[in-house]
Amino acid sequence: MNLGRIVRMIVFGFLVPGLAAQMSQQGPASPEREAKQSSRSSQTQPQLELKRFSLLSGISVDVSPDWVEREQMPLPPSPRLAPFAPQVTFLEFMALENPRTHSALRIATTTDPFLGGDEVALDVQMHGAAGSGNSLADYLFYFFFPPPRDCLDGGSEAYKKAKSQAELPDQVTVSPDLSIRTDCKHAPTLADFYSRELSSGVLFRATDGVERANGIYAELYLPPMEKVEANGLTFYVFEAQGRMQLDLATVNHFNLPDEMEGAQADFFWAVGAPGPFPFFPDPQRKNVPIIHVAYAGIGLGPDRRDVFMKLLRQVHSP
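Residues numbered from 1 in each chain as written. Predicted model: local features only at pLDDT ≥ 70, side-chain atom pairs only at ≥ 80, totals over all residues. Heavy atoms only, no water.

**Student:** I'd love a proper account of the pairing of strand S11 (residues 233–242), names of residues and values included.
**Tutor:** Taking burial as the measure, the 10 residues of S11 include 10 buried ones, the bulk of the element. Here S11 shows a buried face lined by Leu 233, Phe 235, Val 237, Glu 239 and Gln 241 and a second buried face lined by Thr 234, Tyr 236, Phe 238, Ala 240 and Gly 242. Pairing analysis gives two bridges linking strand S9 (residues 220–221) to S11, with the strands arranged antiparallel. Across the sheet, the residue bridging to Leu 220 is Gly 242, located in S11. The antiparallel pairing of strand S10 (residues 226–230) with S11 creates a hairpin that spans two residues between the two strands, and Asn 231 there sits at a positive phi of about 55°. Note: S11 against strand S12 (residues 264–274), nine bridges, orientation antiparallel. Paired with Phe 235 across the strands is Gly 272, a residue of S12. (Buried < 20%, exposed > 50% of the residue type's maximum accessible area, 1.4 Å probe, protein only. Helix = DSSP H or I, 4+ residues; strand = E, 2+ residues; numbered from the N terminus. Pairing = 2+ DSSP bridges.)

**Student:** Now, about the pattern of salt bridges: what can you tell me, with residues and values included?
**Tutor:** In total, this model carries 12 salt bridges according to the counting rule given. A salt bridge links Glu 157 to Arg 80; the shortest N-O distance between them is 3.4 Å. Taken together, the residues Glu 157 in helix H5 (residues 149–166) and Arg 80 in the loop between strand S3 (68–69) and strand S4 (90–98) connect sequence positions 77 residues apart. For Arg 80, a relative accessible area of 23% translates into the label partly exposed. Look at the salt bridges and you will find they share partners, linking Arg 70, Glu 71 and Glu 97 into a network. (Salt bridge = Lys/Arg side-chain N within 4 Å of Asp/Glu carboxyl O.)

**Student:** Summarise the packing of aromatic side chains; cite the residues concerned and give the values.
**Tutor:** For the structure shown, the criterion picks out 27 aromatic pairs. Seen in terms of ring centroids, Tyr 142 and Phe 143 are 6.4 Å apart; in terms of plane orientation they differ by 55°. Their pairing is tilted. Ring geometry for Phe 268 and Phe 308: centres 4.9 Å apart, planes at 10°, overall stacked. Placement of Phe 268 in strand S12 and of Phe 308 in helix H8 (residues 305–312) is noted, with a sequence separation of 40 residues between them. For the residue pair Phe 268 and Phe 308, the accessibility class agrees, reading buried in each case. (Phe/Tyr/Trp six-rings, centres within 6.5 Å; stacked < 30°, edge-to-face > 60°.)

**Student:** Pulling in residues and values, what's your account of a negative patch on the surface?
**Tutor:** A cluster of acidic side chains, namely Asp 247, Asp 258, Glu 259 and Glu 261, defines a negative patch on the protein surface. Within the secondary structure, Asp 258 sits in the loop between helix H7 (248–253) and S12. Exposure remark for Asp 258: the relative accessible area of 53% places this residue in the exposed category. (Patch = residues over 30% accessible without salt bridge, like charges linked within 9 Å, V, L, I, M, F, W, Y side chains within 5 Å. Areas by Shrake-Rupley, 256 points an atom, 1.4 Å probe, with all protein chains shown as cover. Lys, Arg positive; Asp, Glu negative; His and termini not counted. Charge placed at Lys NZ, Arg CZ, Asp CG, Glu CD.)

**Student:** Describe the sheet that holds strand S1 (residues 51–54), with residues and values.
**Tutor:** Read across the sheet, three strands follow the order S1-S2-S14 without closing on themselves; strand pairing throughout is antiparallel. In the strand order of this sheet, the two ends are held by S1 and strand S14 (315–316), each with one partner. Of the strand pairs in this sheet, S1 and strand S2 (residues 60–63) are connected by four bridges, and their pairing is antiparallel. Counterpart to Ser 54 in the pairing with S2 is Ser 60.

**Student:** Go over the state of the cysteines, please, and point to the residues and values.
**Tutor:** Inspection of every chain in the model, using the stated rule, returns one disulfide. Disulfide partner of Cys 151: Cys 184, at an S-S distance of 1.9 Å. On the sign convention where negative is left-handed, the bridge of Cys 151 and Cys 184, at about -75° about the S-S bond, is left-handed. One end of the pair, Cys 151, is in helix H5; the other, Cys 184, is in the loop between strand S6 (178–183) and helix H6 (190–198), and 33 residues separate them in sequence. (Disulfide = S-S within 2.5 Å.)

**Student:** Account for the sheet that holds S6, with residues named and values stated.
**Tutor:** Taken together, three strands build an open sheet; the order of strands is S6-S7-S8 and the sheet is antiparallel. If you trace the sheet from one side to the other, it starts and ends with S6 and strand S8 (210–217), each paired once. Strand-to-strand twist in this sheet, taken as the mean axis angle between neighbours without regard to direction, amounts to 15°. Relative to strand S7 (residues 199–207), S6 is paired through six bridges, and the arrangement is antiparallel. Residue pairing in the sheet places Leu 178 in a bridge with Ala 206 of S7. Of the strands in this sheet, S7 and S8 are in contact with helix H4 (residues 136–144), which crosses S8 at around 95°. In this fold H5 packs onto S6, S7 and S8, with an angle of close to 155° to the strand it touches most, S6. (Axes fitted to C-alpha atoms, helices over the stretch in contact; angles between N-to-C directions. Contact = heavy atoms within 4.5 Å.)

**Student:** Go over the nonpolar core with me, naming the residues and quoting the values.
**Tutor:** If you look at the biggest cluster of nonpolar residues, it comprises 58 residues, and the most contacted ones within it are Phe 145, Tyr 194 and Trp 269. The element that contributes the greatest number of residues to this core is H4, accounting for eight residues. Residues within four places of Phe 145 in sequence aside, it is in contact with Ala 104, Arg 106, Leu 140, Tyr 194, Ser 195, Leu 198, Phe 267, Ala 294, Tyr 295 and Ala 296. Of all hydrophobic cores here, the second largest spans 25 residues; its members include Phe 53, Ile 59, Phe 268 and Ala 270. (Core = buried A, V, L, I, M, F, W, Y, C linked by side-chain atoms within 4.5 Å.)

Any functional reading would require information beyond the geometric quantities listed.
In structure tokens, the structure reads:
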């Protein structure tokens, strides 16, 4: 037997028993060890995959797979409301809904209506009286959760008819006390549900020759404004908590679960832009679009802040 073969036999003789002993010490995997390995494996698995919805400008939001996009809608405001709405031009608009949580989300970009102001002025404006034309309730009403189209059409036509009858042949101004109220019929959809929870209808009126169209607003509580920095964006966040609890008739009409009886609607609107927020013209950042994120949800209690904040932190700018 040659020397190389003898060496290999000696080495193999030492290695194999050692390897066998090591495998014997390890033994079969215990149930506890398998459970730990399974737990460790599940922890490393990716979390629930998010869906991304994007505007053409590149503004996007990542949400759970439950969210779906509504059919493409015309840019706000409705032609019936445009003469009375805040002077802001919408550039893009997307409406999302979550049938599982019965919530609605709106993402939009606009021109900047807040130039020349500041945080304090914005806060004061949004906490103004509902119906003033520039308050939080008004922004939600004109742009994000307006009355149904047929209700606006009917109210506008009724107002025009009353206006025509109130005017004398030689008069060119509207009667100072003209007021036409139209209570809306709401279809059993999420959009109409939140329209109803914000405003039961529309009031066309004229005072001292000045014409207006306002919502017939529900009772709302407005908490203080919040400033949020997320993903390089600066947002100012406003909330309008509905004070009325849902009755069973409303729950049934809008096909909501029975356990939603007693729930309350909660509205949020965040207005933002890449920081710093453009309150003043900047030659280096001309025509910065303003990002709007509006949300409406319901729950047994009015505060849906945590839900909205999670959504807001999923908004990204290119």
